[in-house]
Amino acid sequence: MDVRSLFIEKYGYAPQTMAKSPGRINLIGEHTDYNLGFVLPAAIDKAAYVAIAKREDQLIRLFAKDLGEHHEVEINLLATNPGHWSAYVLGVVDQLLKMGKQLSGFDLVLTCDVPTGAGMSSSAAVECATAFALNELFGFDLGRIDLVRLAQKAENEFVGVKCGIMDMFASVMGKDAQVIQLDCRDLSYQYFPLNLGDYKIVLFDTGVKHSLAGGEYNLRRQQCEQGVAVLKERFPEVNSLRDANLSMLDEQFRSAVSSTVYNRCLYVIEENIRLETGCKLLLQNDIHEFGKQMHGSHKGLSELYEVSCKELDFLVDLSKQEEAIAGARMMGGGFGGCTINLIETSAIDGIYERFSKAYQLAMGKELNMYVTLPSEGSHLIKFD
Ligand code: GLA
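Throughout what follows, the structure given in this document is the object of discussion. (Residues numbered from 1 in each chain as written. Predicted model: local features only at pLDDT ≥ 70, side-chain atom pairs only at ≥ 80, totals over all residues. Heavy atoms only, no water.)

Summing up its helical and strand segments, the protein has 11 helices and 13 strands in all. On C-alpha atoms alone, the protein measures out to a radius of gyration of 21 Å, which is about the 21 Å that the 2.2 N^0.38 rule sets for 384 residues. Projected onto its principal axes, the C-alpha positions of the protein cover 65 × 55 × 40 Å. The buried share among the 384 residues of the protein stands at 59%. Expressed as a percentage of contacts within the protein between residues at least 6 apart in sequence, the contacts between residues at least 24 apart total 72%. (Helix = DSSP H or I, 4+ residues; strand = E, 2+ residues; numbered from the N terminus. Rg over C-alpha atoms; globule rule 2.2 N^0.38 Å. Buried < 20%, exposed > 50% of the residue type's maximum accessible area, 1.4 Å probe, protein only. Contact = heavy atoms within 4.5 Å.)

Quick look at the structure:
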């Protein structure tokens, strides 16, 4: 059932506004966004859908269709994170209020086919769909980049995950068949067409639910900040790891920080280099060499940044035995979720069969697969 019909079924009247905002993939450039480096994401063909209508009073009524759960709160009693899905909606309301925007209560229905905890940014999809819909409903006239920043702040301040800007940017700014090379330092970006030829983007879902709120994500961010603080003493121009280069990670630096902080910094600087190399390779349609950069990215994420897990490592190792897979790596925040793979189209089904069996045998878990492609970012949904 579409989100409009769901709204009517739930509340007994028609919604005024509907919006859709997708999840995202990221080809390379992981944990670089909050270090003000580069990322290479795209919006995908799975999304959050929101239908919404104003109320006369101050009540916010939310219904998460997929969970069958309701949540109600008075707009002036938003307080803090209620600790479940509604935080992604209420965090956006909280930001709008902080910006001094005038909102009444509203009724909202949410449905989402981005798998949760799979590293495909279902949370950003919900935040961006909500931001998009509320912006339209109340006529705030905020531009796309304003909505990206607003959704990121909702996640940072209300949900409590100090995430970077990549997920929201990809969700709002995505375009069909294009990836976005985003510079997270100044938000300059360029689209380029993804010509994968015979290859497709395939995600294998470990089924291990990651939770960024778990603390490890924020810890990585702090460790990078520690590295920056030490670098800055000798190199005042370094305000983020984006401003650092490999030669700065010399013996003096190594002896001034823990090996953990050293490894985190090394990973981030190398990942930015891999991304720049990777973009050139993609422009030359050299999928094989690009795949090698993906393997390098995974190795760094696993060994230096330590955000992988045995299930992700297992799947990436398996992928290296398949000739039809050009590259594979974990995607997103880590500690579970999906691997992203570039696989020759004709080999996908066979590989899925082999991987499913091996994964079941080794990890005792079912393996889900999503074949996806770069898709249109946030937009309003019109029904005739
Ligand atoms: C999560 C965060 C992003 C980004 C990735 C890792 O998806 O929300 O901001 O840091 O992890 O690249």
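What follows is about the site of the ligand. If you check the shell around the ligand, you find 13 residues, and the closest are Glu30, His31, Asp33, Asp167 and Tyr217. Within the side chain of Arg24, a nitrogen or oxygen atom sits 2.9 Å from an oxygen atom of the ligand. Glu30 is positioned with one of its side-chain polar atoms (N or O) 2.7 Å from an oxygen atom of the ligand. Protein burial of the ligand: of its 300 Å² of free accessible surface, 97% is covered by the chains. Partitioning the shell around the ligand into residue classes produces 5 nonpolar, 4 polar and 4 charged. (Near = heavy atom within 4 Å. Polar contact = N/O pair within 3.5 Å; in protein donor to acceptor, adjacent residues only side chain to side chain. Areas by Shrake-Rupley, 256 points an atom, 1.4 Å probe, with all protein chains shown as cover. Nonpolar A, V, L, I, M, F, W, Y, C, P; charged D, E, K, R; others polar.)

Relative to the assigned elements, Gln152 resides in helix H4 (residues 144-159). Filtering out sequence-adjacent residues up to four positions away, Gln152 remains in contact with Cys163, Gly164, Ile165 and Met168.

All right, on to the side chain of His71 then. Mapped onto the elements of the fold, His71 is located in strand E5 (residues 69-74). Those residues in contact with His71, other than ones at most four positions away along the chain, are Ile60, Arg61, Leu62, Pro82, His84, Trp85, Ser86 and Leu90.

On to the packing of aromatic side chains. A complete count under the given rule lists 12 aromatic pairs for this structure. Considering the side-chain rings of Tyr34 and Tyr217, the 5.3 Å spacing of their centres and the 65 degrees angle between planes classify their relative orientation as edge-to-face. With a gap of 183 residues between them, Tyr34 in the loop between strand E1 (17-26) and strand E2 (38-39) and Tyr217 in helix H6 (residues 216-234) connect regions that are remote in the sequence. The exposure classification of Tyr34 matches that of Tyr217, with both residues buried. In textbook terms, an aromatic cluster arises when at least three aromatic residues are bridged by ring pairs, as seen for Phe7, Tyr11 and Tyr13. (Phe/Tyr/Trp six-rings, centres within 6.5 Å; stacked < 30°, edge-to-face > 60°.)

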